[in-house]
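Below, each chain spelled out in residue letters.
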Amino acid sequence: MSEAELDARHAEKMKKKKAARDKILATKTVEKGLLIVHTGKGKGKSTAAFGLVFRALGNGMKVAIVQFVKGKWETGERKVLEKFPGEVTMTAMGDGFTWETQDRQRDIAAARAAWDRAKALIMDDEHDLVLLDELNIVLRYDYLAVAEVVEFLKAKPAMKHVVVTGRNAKDELIEIADLVTEMEMIKHPFRSGVKAQRGIEF
């Protein structure tokens, strides 16, 4: 078969694909705020969520971020977002990772304070997207009751986007989410003795 014939066949195939795609897109008319969950054992849950934050900012939206367990650890994302004080509200409420504090009551208190802050940001009229970074971790350790969190998120404002990250997302949260992505770890340099790299992990 000649190149011209291959090109013609390709064009016809793409024409049919576009027509089918356009037909599908015409049926998608609902506009709403999404509940998005990034979970799984693979790297990239928070990274992907911050990608959504930057995408929202690029579209003129206002964003709020509550980090539940990362404490005051300096990250590249935080340094960039601090340059947009009028568009981003950022709150790091945790005292660090739970295995670092080794103090369950302090972790519970920090989780409760972060959740109270998150609820206020979700219910306000100012922010379009709220990122609850590592909320799944505090739910996994039962620092917050999953039933309370699910009940609240089910009643969030209709046009508010909420993104939740962290491994081991609870089934109840997955059930009510609009979009769930599971990051699968296939290979990670940490297992080969490579420490966390600036610009990659933080």
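Everything here concerns the structure above.
Residues numbered from 1 in each chain as written. Predicted model: local features only at pLDDT ≥ 70, side-chain atom pairs only at ≥ 80, totals over all residues. Heavy atoms only, no water.

Peer 1: Would you explain the overall build of the protein in this entry?
Peer 2: Per the secondary structure count, the protein includes eight helices and six strands. N-terminal to C-terminal, the α/β element order of the protein is α-β-α-β-α-β-α-α-β-α-α-β-α-β. Reported as C-alpha extents along the three principal axes, the dimensions of the protein are approximately 70 × 45 × 35 Å. Burial statistics for the protein: of 202 residues in total, 36% are counted as buried. When contacts within the protein are restricted to residue pairs at least 6 apart in sequence, those whose partners lie at least 24 apart make up 80%. Total accessible area on the protein stands at roughly 12,500 Å², and carbon and sulfur atoms take up 54% of it. The averaged location of the 31 negative side-chain charges in the protein is 4 Å from the averaged location of its 35 positive side-chain charges. (Helix = DSSP H or I, 4+ residues; strand = E, 2+ residues; numbered from the N terminus. Buried < 20%, exposed > 50% of the residue type's maximum accessible area, 1.4 Å probe, protein only. Contact = heavy atoms within 4.5 Å. Areas by Shrake-Rupley, 256 points an atom, 1.4 Å probe, with all protein chains shown as cover. Lys, Arg positive; Asp, Glu negative; His and termini not counted. Charge placed at Lys NZ, Arg CZ, Asp CG, Glu CD.)

Peer 1: What exactly am I supposed to notice about the pattern of salt bridges here?
Peer 2: Pairs can form between side chains of opposite charge once their charged atoms are near each other. Within the structure shown, the criterion is met by nine salt bridges. Between K18 and D22 there is a salt bridge, with the nearest N and O atoms lying 2.6 Å from each other. On the criterion of helical spacing, the pair formed by K18 and D22 is a turn pair, its members being four residues apart in helix α1 (residues 3-25). Through salt bridges with shared partners, one network takes in R112, D116, K119 and E148. (Salt bridge = Lys/Arg side-chain N within 4 Å of Asp/Glu carboxyl O.)

Peer 1: Is there a simple way to think about unusual backbone geometry in this case?
Peer 2: When glycine is set aside, most residues are seen to have a negative phi, and most peptide bonds are trans. Although it is not a glycine, E134 sits at a positive phi angle of roughly 70°. With respect to the helices and strands, the residue E134 is situated in the loop between β4 (129-133) and α6 (135-140). Phi at N168 takes a positive value of approximately 60°, unusual for a residue other than glycine. Position of N168 relative to the elements: it lies in the loop between β5 (161-165) and α8 (171-176). Classification of N168 as partly exposed rests on a relative accessible area of 37%.

Peer 1: I tried to follow a positive patch on the surface on my own but got confused; where do I start?
Peer 2: Taken together, K41, R140, R167 and R191 make up a surface patch of like positive charges. For R167, the position within the fold is in the loop between β5 and α8. (Patch = residues over 30% accessible without salt bridge, like charges linked within 9 Å, V, L, I, M, F, W, Y side chains within 5 Å.)

Peer 1: Please explain the nonpolar core as it appears in this structure.
Peer 2: Soluble, globular proteins show a tendency: their nonpolar side chains are buried together. The biggest cluster of nonpolar side chains holds 30 residues, and the ones touching the most others in it are F68, W115, L132, L135, L144 and L153. Breaking this core down by element, the ones donating at least two residues are β1 (35-39), β2 (63-67), α5 (104-123), β4, α6, α7 (146-154) and β5. Counting residues per element, this core draws most heavily on α5, which supplies six residues. For L144, the contacting residues outside a window of four places in its chain are F68, A111, R112, W115, L135, V138, L139 and V149. Grouped together as the second largest cluster of nonpolar side chains are 13 residues, L57, L81, V88 and V163 included. (Core = buried A, V, L, I, M, F, W, Y, C linked by side-chain atoms within 4.5 Å.)

Peer 1: How should I be thinking about the sheet that holds strand β6 (residues 179-182) in this particular structure?
Peer 2: One key point about sheets: their strands pair by backbone hydrogen bonds, in either a parallel or an antiparallel sense. On the basis of which strands lie adjacent, the open sheet formed by six strands has the order β3-β2-β4-β5-β1-β6 and parallel pairing. The sheet terminates laterally at β3 (88-92) and β6, the two strands that pair on one side only. The average undirected angle you get between the axes of adjacent strands in this sheet is 10°. Bridge analysis of β2 against β3 gives five bridges, and the strand direction is parallel. Bridge pairing links V63 to V88 in β3. Sitting on the sheet, helix α2 (residues 45-58) touches β1, β2, β3, β4 and β5, and the angle it makes with β4 is about 165°. (Pairing = 2+ DSSP bridges. Axes fitted to C-alpha atoms, helices over the stretch in contact; angles between N-to-C directions.)

Peer 1: What am I meant to see in α7 here?
Peer 2: Because an α-helix packs 3.6 residues into every turn, residues spaced three or four apart end up facing the same way. Residues of α7 that are buried: V146, V149, V150, F152 and L153. Mapping the buried residues of α7 onto a view down its axis gives an arc of 165°, with all of them on the same face. Within α7, the exposed residues directed more than 90 degrees away from the buried face are A147, E151 and K154. (Arc of directions from axis to C-beta.)

Peer 1: How do you make sense of the side chain of N136 when you look at a structure like this?
Peer 2: Take N136: it is sitting in helix α6. Excluding residues within four positions of it along the chain, N136 makes contact with V37, H38, T39, V164, T165, G166, R167, A169 and L173.

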